[in-house]
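One-letter residues, chain by chain:
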Amino acid sequence: MCGILGVFGSPEAARMAALGMFAEQHRGQESCGMAVSDGRVIRLRKKMGLVKEVFSDEALAELPGSLAIGHVRYPTKGSATAWNSQPHLLETLSGPGFALASNGDLVNYSSVRAKLEAQNVYFNSDNDGELLLRYIALQMQEGHEIIDAIRSLMREIKGAYSSVFATRDELYMFRDPLSIRPMTWGKTASGVVVVASESCALDTLDVQERQEVPAAGIIRVNSKGITIIENDPDLYRNIGSDRHCIFEHIYFSRPDSHHFGEDVFAVRQKIGALLAADDAGLDPDCIVPVPDSSNFIGLGYAARMGVPLSLGLIRNHYIGRTFIKPEQTIRDESVRQKFNVLPHFFEGKKIVLIDDSIVRGTTIRKIVKLIKAAGASEIHLRIGSPQVFHPCYYGIDTPSTAELVANRYPLEEIRSRTEVDSLKHISMADLRNAVQNPESYCYACFNGDYPLPPKTGSEA
Ligand code: AMP
């Protein structure tokens, strides 16, 4: 998963981009980067590390210009290296010319790359963003206008992409026909155009008017103004509707973001309420969410149950997202460091413990152990998503099918291995009830119904 950001028309473009990227840090913590144009040269800085580390005041001072695109990354396609970080920058004979950053994964990356390589296009990385950039550049080299180059790209590639593309004096935004990942843009009171993966970044930058980049849409921003280019209806031929990632609402996005027509926190509260509706008569002493991702699910559950939410688990905020750590050993270590229990809080209590998802089962087993050791008498575990049976091919980092705990043991065995008294996931039907337009979502990680065929051996 990653986050993108674009700024056009501010003398402080780099600083604004850094603030926006900081608001999107939850979307990727391995590396970050920014390409900034002063109208003559596009300068690039990208490094492993967090936004605040990579973009100090000194670093930002070396990125003058009024146009910036930025990216925070955690790896799904290509390993966690500086090479695979984004944005990608393409130098032309007259100096650096184009830069691109994207969020999402392509399902036909390998075949499109092979096609380009057959035309002597050379790649520096294994990252989708570079493929998008080189494809556009090749089209332009063949004489196509940028819009046509992007249109051609969108006809060729399949998958999720919320992308920003910069020339020295123009900013382009484009998004896949299924609009799988979020992407919202708007203008500040002084007319600066900002685009971000999540609206929480637009809040930080005081962007007032805002709207989502349309599915299959292309938006061009330059000194003449903003042009929203018609969607290409052909792209919809076999699909017919949006397929937003439901997991963005369940877990990935910040609760203060708004996208896919919903406030993220409100969807989470609804999920909680629907879980509680199924628990009439349970009569817990307290309801404890796994912070921070499950706080709003917990609030919804508690409100419906009529029992106040208790913050019995304390999270160390300096550790980041443990799941995002690429190695299992680092993940195990991180979970131990991440959570603590309140002293004397759990003794003799019947707890409803709420988490957003179980993937490998690592996190929750350790949390339950902690709570048991703290003296809880009963633990009833409620999960804000259905069981995860299938990997995501559109930009969420899910382990292989075999590693998913739902595929390893029956539910009852997962319950007993987790050592809880009861375990329930929200049903697919209830999850669909938690959003206004259930048909416009992708639920493939739960039900295997992939809107675009997943990678096969040759496409992996
Ligand atoms: P696991 O320990 O593998 O079962 O991971 C489940 C926990 O990681 C959940 O509590 C989520 O908060 C979080 N999580 C689930 N899916 C993801 C993901 N794709 N990326 C990052 N974190 C995730």
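These numbers were taken from a predicted model, which means no experiment stands behind them.

Peer 1: Residue-level account of the overall build of the chain, with values.
Peer 2: Across its full length, the chain carries 16 helices and 23 strands. Over its C-alpha atoms the chain spans a radius of gyration of 22 Å, differing by no more than 12% from the 23 Å that the globule rule assigns to 460 residues. Judged by the C-alpha coordinates and their principal axes, the chain covers about 70 × 45 × 40 Å. Expressed as a percentage of its 460 residues, the buried residues of the chain come to 59%. Measuring between centres, the 49 positive side-chain charges of the chain sit 2 Å from its 56 negative side-chain charges.

Peer 1: Quick rundown of the packing of aromatic side chains? Include the residues and the values.
Peer 2: Centre-to-centre distance and the angle between the planes together describe a pair of aromatic rings. Within this structure, the stated rule accounts for 13 aromatic pairs. With 4.9 Å between their ring centres and 90° between their planes, Phe345 and Phe346 make a pair best called edge-to-face. Of the aromatic side chains, those joined through ring pairs into one cluster are Tyr74, Phe247, Tyr251, Phe252 and Phe446. Between the NZ or CZ atom of Lys52 and the centre of the ring of Phe22, over which it lies, the distance is 4.3 Å.

Peer 1: Which residues make up the sheet that holds strand E2 (residues 31-37), and what are the values?
Peer 2: Spatially, E3-E2-E4-E1-E10-E9-E11 is the arrangement adopted by the seven strands of the open sheet, whose pairing is antiparallel. Of all the strands in the sheet, the pair left with one neighbour each is strand E3 (42-48) and strand E11 (207-212). Looking at each pair of strands side by side, their axes are set apart by 15° on average, direction ignored. The sheet contact formed by strand E1 (residues 2-8) and strand E4 (residues 67-73) spans seven bridges and is antiparallel. Across the sheet, Leu5 pairs through a bridge with Gly70, a residue of E4.

Peer 1: Talk me through the sheet that holds strand E21 (residues 378-383); I want residue IDs and the actual numbers.
Peer 2: If you trace the four strands from one edge of the open sheet to the other, you get E17-E20-E21-E22, paired in parallel fashion. Looking at strand neighbours, the two that pair on one side only are strand E17 (286-289) and strand E22 (422-425), the edges of this open sheet. On average, adjacent strands in this sheet sit at an angle of 20° to one another, irrespective of strand direction. Inspection of the sheet shows strand E20 (residues 350-355) paired to E21 by six bridges, in the parallel sense. Within the sheet, the bridge partner assigned to Leu353 lies in E21 and is Leu381.

Peer 1: Run through the nonpolar core, naming residues and quoting values.
Peer 2: Counting residues in hydrophobic clusters, the biggest one holds 46 residues, and the most contacted among them are Ile271, Tyr301, Tyr394 and Phe446. Residue assignment places this core across two domains, with domain 1 (3-242) and domain 2 (264-438) each supplying three or more. Non-local contacts of Tyr394, meaning those with residues more than four positions away in its chain, are made with Gly104, Asp105, Val107, Ala160, Ile180, Arg181, Cys442, Tyr450, Pro451 and Leu452. Grouped together as the second largest cluster of nonpolar side chains are 30 residues, Leu90, Val112, Leu132 and Ala137 included.

Peer 1: Residue-level account of unusual backbone geometry, with values.
Peer 2: Put simply, Gln86 and Pro87 share a cis peptide bond, and its omega is 0°. With an omega dihedral of -10°, the bond running from Pro291 to Asp292 counts as a cis peptide bond. For Asp292, the position within the fold is in the loop between E17 and helix H10 (295-305). Positive phi outside glycine occurs at Asn120, with the angle close to 65°. Within the fold, Asn120 resides in the loop between helix H4 (109-118) and helix H5 (128-141). Residues other than glycine seldom take positive phi values, yet Ser179 does so here, at roughly 40°. When you line up the elements, Ser179 lands in the loop between strand E8 (171-175) and strand E9 (184-188). Residue Ser179 is classed as buried on the basis of its relative accessible area, which comes to 1%.

Peer 1: How would you explain the site of the ligand if you had to name every residue and give the values?
Peer 2: Around the ligand, the structure places 17 residues, and the nearest of them are Asp356, Val359, Arg360, Gly361 and Thr363. In this structure, Tyr251 approaches the ligand through a side-chain N or O atom, which is 2.9 Å from a nitrogen atom. The separation between an oxygen atom of the ligand and a polar side-chain atom of Asp355 is 3.0 Å. Protein chains shield 95% of the accessible area of the ligand, which is 500 Å² for the free molecule. Those elements that place two or more of their residues in the shell around the ligand are helix H8 (246-252) and helix H12 (362-373). At three residues, the largest contribution of residues to the shell around the ligand is made by H8.

Peer 1: Can you lay out the environment of Glu156 for me, pointing to particular residues and giving the numbers?
Peer 2: With respect to the helices and strands, the residue Glu156 is situated in helix H6 (residues 146-156). Measuring from C-alpha to C-alpha, the distance between Glu156 and Tyr135 comes to 9.6 Å, with 21 residues separating the pair along the chain.

Peer 1: Which residues make up the pairing of E9, and what are the values?
Peer 2: Burial within E9 is extensive, with four of its five residues counted as buried. Note that E9 and strand E10 (residues 193-196) share four bridges and pair antiparallel. Each residue of the ladder has a partner; that of Thr184, found in E10, is Ala196. The hairpin turn running from E9 into E10, its antiparallel successor, is four residues long, and Gly191 in that turn takes a positive phi close to 90°. Inspection of the sheet shows E9 paired to E11 by five bridges, in the antiparallel sense. When the sheet's bridge partners are listed, Thr188 is paired in E11 with Val207.

Peer 1: Help me get a handle on empty space enclosed by the protein, residues and values and all.
Peer 2: Taken as a whole and judged by the stated rule, the model has two cavities of 30 Å³ or more. Lining the second largest cavity are Ile358, Val359, Gln387, Val388, Val405, Ala406, Ile414 and His425. Tallied by class, residues from the lining of the second largest cavity come to six nonpolar, two polar and no charged.

Peer 1: Tell me about the domain arrangement of the chain, and name the residues and values.
Peer 2: It is common to give the size of an interface as the accessible area that goes away when the parts come together. Its domain assignment divides the chain into domain 1 (3-242) and domain 2 (264-438). Centre-to-centre, using C-alpha coordinates, domain 1 lies 34 Å away from domain 2.

Cut-offs applied
Residues numbered from 1 in each chain as written. Predicted model: local features only at pLDDT ≥ 70, side-chain atom pairs only at ≥ 80, totals over all residues. Heavy atoms only, no water. Helix = DSSP H or I, 4+ residues; strand = E, 2+ residues; numbered from the N terminus. Rg over C-alpha atoms; globule rule 2.2 N^0.38 Å. Buried < 20%, exposed > 50% of the residue type's maximum accessible area, 1.4 Å probe, protein only. Lys, Arg positive; Asp, Glu negative; His and termini not counted. Charge placed at Lys NZ, Arg CZ, Asp CG, Glu CD. Phe/Tyr/Trp six-rings, centres within 6.5 Å; stacked < 30°, edge-to-face > 60°. Lys NZ or Arg CZ within 6 Å of the ring centre and 35° of its normal. Pairing = 2+ DSSP bridges. Axes fitted to C-alpha atoms, helices over the stretch in contact; angles between N-to-C directions. Core = buried A, V, L, I, M, F, W, Y, C linked by side-chain atoms within 4.5 Å. Domains from an automatic or database assignment. Contact = heavy atoms within 4.5 Å. Near = heavy atom within 4 Å. Polar contact = N/O pair within 3.5 Å; in protein donor to acceptor, adjacent residues only side chain to side chain. Areas by Shrake-Rupley, 256 points an atom, 1.4 Å probe, with all protein chains shown as cover. 1 Å grid on protein atoms, 1.4 Å probe; cavity = no way out; pocket = protein on both sides within 12 Å on 5 of 7 lines; lining within 4 Å. Points joined across faces, edges and corners; volume = space filled by probe spheres on them. Nonpolar A, V, L, I, M, F, W, Y, C, P; charged D, E, K, R; others polar.

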